[in-house]
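The chain contents come next:
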Protein chains: 2
Amino acid sequence: MSNNTIFIEKLRSSGLRPTRQRIEICKLLFDRKDTFHFTINDLNNSLTRITNEKISLATIYNTIHAFKEKGYLKEISINSNKTYFDTNISNHHHFFDEDNKELIDLNDKDVGKVKIKKILPGKKIKSVEILVKVANNN
Amino acid sequence: MSNNTIFIEKLRSSGLRPTRQRIEICKLLFDRKDTFHFTINDLNNSLTRITNEKISLATIYNTIHAFKEKGYLKEISINSNKTYFDTNISNHHHFFDEDNKELIDLNDKDVGKVKIKKILPGKKIKSVEILVKVANNN
DNA sequence: TTCCTAATTTATAATGATTCTAAAGTAGAG
DNA sequence: CTCTACTTTAGAATCATTATAAATTAGGAA
């Protein structure tokens, strides 16, 4: 379990105790080649499918919020009743497929450089997110 | 009330019966010089403040959804527990001020032209929305 | 190791926006 | 004026998320 060690370190270094639950969630989120998008519900389902021991929904919410706080996850701006998260924390944008409610990455070279020319006095830009909604042709 | 006549026509021509409630909402939303952003809660508050006769929350939801369906309103993509609407239906983008949870328009000339270079086979682009999150400097 | 304390997990309740329901009211064509 | 389909409405239901408060656990100190 050398991977666990990495996650334990990651958690410790962010001031989070490496609990069984958090390590389990780390493995599910970060121990893979490609990044992906998920909702809390998705994550809960995956967790119950993969691990034998149940992790409480409240813990999942707590952990995901902590990870977001620490910058290990990004929350995607979409108006849905559910919140979408992304394990890809690099600067990028999204397609949102309205037919199957799925997010698809749009990396920087897929989108021309965006230049915001307006400024709001006293306000600092925290993020620039582009959401391209798509649906079937018909 | 020549304005009412305009709204009655607008409603009729979209297959919506011009009820007292819908006209009241039309006046509040569209009888003004500048467009604006609102949540259902905002609208409900304004309505109770302005009109004497109470309009049910369910009616407000129904009406706003109908107006959105007809293209008289836009729903803004933001991940908040509340849904934000915009009476400005032209193509434009937004700042979202995280301090006071307020939307501010970014018109086309405030944002360099966005070019989406990636295509998804069989999918058509429905909208391109840019959300620039801002907050106080500190 | 054993204790101790603060951090964490957990089940469950609470919240809050939105949607549903089904009964009462209304617009408007004939 | 009547009739019917469309609307409104209050209140219940839903569903994601957050709060609560008791039980558990991590990990440093003794």
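Further up the page is the structure itself.
Just so it is clear, the model here is predicted, and its values are computed rather than measured.

Draft legend 1. Here's a closer look at unusual backbone geometry. Despite not being glycine, K101(A) has its phi angle at roughly 50°, a positive value. On the secondary structure map, K101(A) appears in the loop between β4 (93-97) and β5 (102-106).

Draft legend 2. Seen up close, the interface of chain B and chain A. Contacts between chain B and chain A engage 39 residues on the former and 39 residues on the latter. Note on chain B versus chain A: buried area summed over both sides is about 3500 Å², and carbon and sulfur give 51% of it. Broken down residue by residue, the surface that chain B buries against chain A is led by N79(B), K118(B) and K123(B), which jointly contribute 16%. The tally of links between chain B and chain A comes to six salt bridges. Here chain B is connected to chain A by 31 residue pairs in polar contact (both at pLDDT 80 or more). Of all the secondary-structure elements, those providing two or more residues to the side of chain B that touches chain A are β2 (74-76), β4 (93-97), β5 (102-106) and β6 (123-136) of chain B. Looking at the side of chain B that touches chain A element by element, the count peaks at 14 residues for β6(B).

Draft legend 3. Local environment of the relation of the copies chain B and chain A. You can overlay chain B on chain A at an RMSD of 0.0 Å; the transform is a turn of 180° with a shift of 0.0 Å along its axis. Such a combination of turn and shift is consistent with a two-fold rotation axis. Both copies share a contact surface, since 100% of the interface residues of chain B are interface residues in chain A too.

Draft legend 4. Looking closely at empty space enclosed by the protein. Per the counting criterion, the structure on display carries two cavities of 30 Å³ or more. In this structure, the largest cavity encloses a volume near 100 Å³. Contributing to the lining of the largest cavity are 13 residues, with I76(B), S77(B), E129(B), I130(B) and L131(B) lying nearest its centre. Considered class by class, the residues forming the lining of the largest cavity number five nonpolar, five polar and three charged. In this structure, the second largest cavity encloses a volume near 60 Å³. Surrounding the second largest cavity, K74(A), I76(A), S77(A), H92(A), H93(A), H94(A), E129(A), I130(A) and L131(A) form its lining. Elements that contribute at least two residues to the lining of the second largest cavity include exactly β2 (74-76), β4 and β6 (123-136) of chain A. Looking at the lining of the second largest cavity, the element that brings in the most residues is β6(A), giving three residues. Counted by class, the lining of the second largest cavity contains three nonpolar, four polar and two charged residues.

Draft legend 5. Spotlight on the protein's contact with DNA strand D. Taken together, the neighbourhood of DNA strand D is formed by 23 residues, with Y61(A), H65(A), T83(A), T19(B) and Q21(B) sitting nearest. If you look at DNA strand D and keep only atoms within 4 Å of the protein, 74% of those are sugar or phosphate atoms. For DNA strand D, a sugar or linking oxygen lies 3.4 Å from a polar atom in the backbone of N81(A). In the model, a phosphate oxygen of DNA strand D is placed 2.7 Å from a nitrogen or oxygen of the T83(A) side chain. Of all the secondary-structure elements, those providing two or more residues to the surface near DNA strand D are α4 (57-69) of chain A together with α2 (20-30) and α4 (57-69) of chain B. In the surface near DNA strand D, the residues fall into seven nonpolar, nine polar and seven charged.

Draft legend 6. Up close: the sheet that holds strand β3 (residues 84-86) of chain B. All names here are of chain B. Overall, antiparallel pairing links the three strands, which are arranged β1-β3-β2 in an open sheet. The open sheet has two edge strands with one neighbour each: β1 (37-39) and β2. The sheet shows a mean angle of 40° between the axes of neighbouring strands, direction not considered. Judged from the three bridges that link them, β2 and β3 form a sheet pairing that is antiparallel. Across the sheet, residue I76 finds its bridge partner in β3, namely Y84. Relative to the sheet, helix α3 (residues 40-50) contacts β1 and β3, its axis offset from that of β1 by approximately 90°.

Draft legend 7. View of the pattern of salt bridges. If you walk through the whole model with that rule in mind, you get 14 salt bridges over all chains. Across the salt bridge formed by K133(A) and E129(B), the nearest N and O atoms sit 3.3 Å from each other. Residue K133(A) is found in strand β6, and its partner E129(B) is found in strand β6; the two belong to separate chains. Comparing K133(A) with E129(B) shows no difference in burial state: the two are buried. A cluster of three or more residues bridged by salt bridges with shared partners is formed by D97(A), D99(A) and K123(B).

About the thresholds
Residues numbered from 1 in each chain as written. Chains lettered and ligands numbered in written order. Predicted model: local features only at pLDDT ≥ 70, side-chain atom pairs only at ≥ 80, totals over all residues. Heavy atoms only, no water. Helix = DSSP H or I, 4+ residues; strand = E, 2+ residues; numbered from the N terminus. Contact = heavy atoms within 4.5 Å. Buried area = accessible area lost by both parts, 1.4 Å probe. Salt bridge = Lys/Arg side-chain N within 4 Å of Asp/Glu carboxyl O. Polar contact = N/O pair within 3.5 Å; in protein donor to acceptor, adjacent residues only side chain to side chain. Least-squares fit on C-alpha atoms with pLDDT ≥ 70 in both. 1 Å grid on protein atoms, 1.4 Å probe; cavity = no way out; pocket = protein on both sides within 12 Å on 5 of 7 lines; lining within 4 Å. Points joined across faces, edges and corners; volume = space filled by probe spheres on them. Nonpolar A, V, L, I, M, F, W, Y, C, P; charged D, E, K, R; others polar. Near = heavy atom within 4 Å. Pairing = 2+ DSSP bridges. Axes fitted to C-alpha atoms, helices over the stretch in contact; angles between N-to-C directions. Buried < 20%, exposed > 50% of the residue type's maximum accessible area, 1.4 Å probe, protein only.

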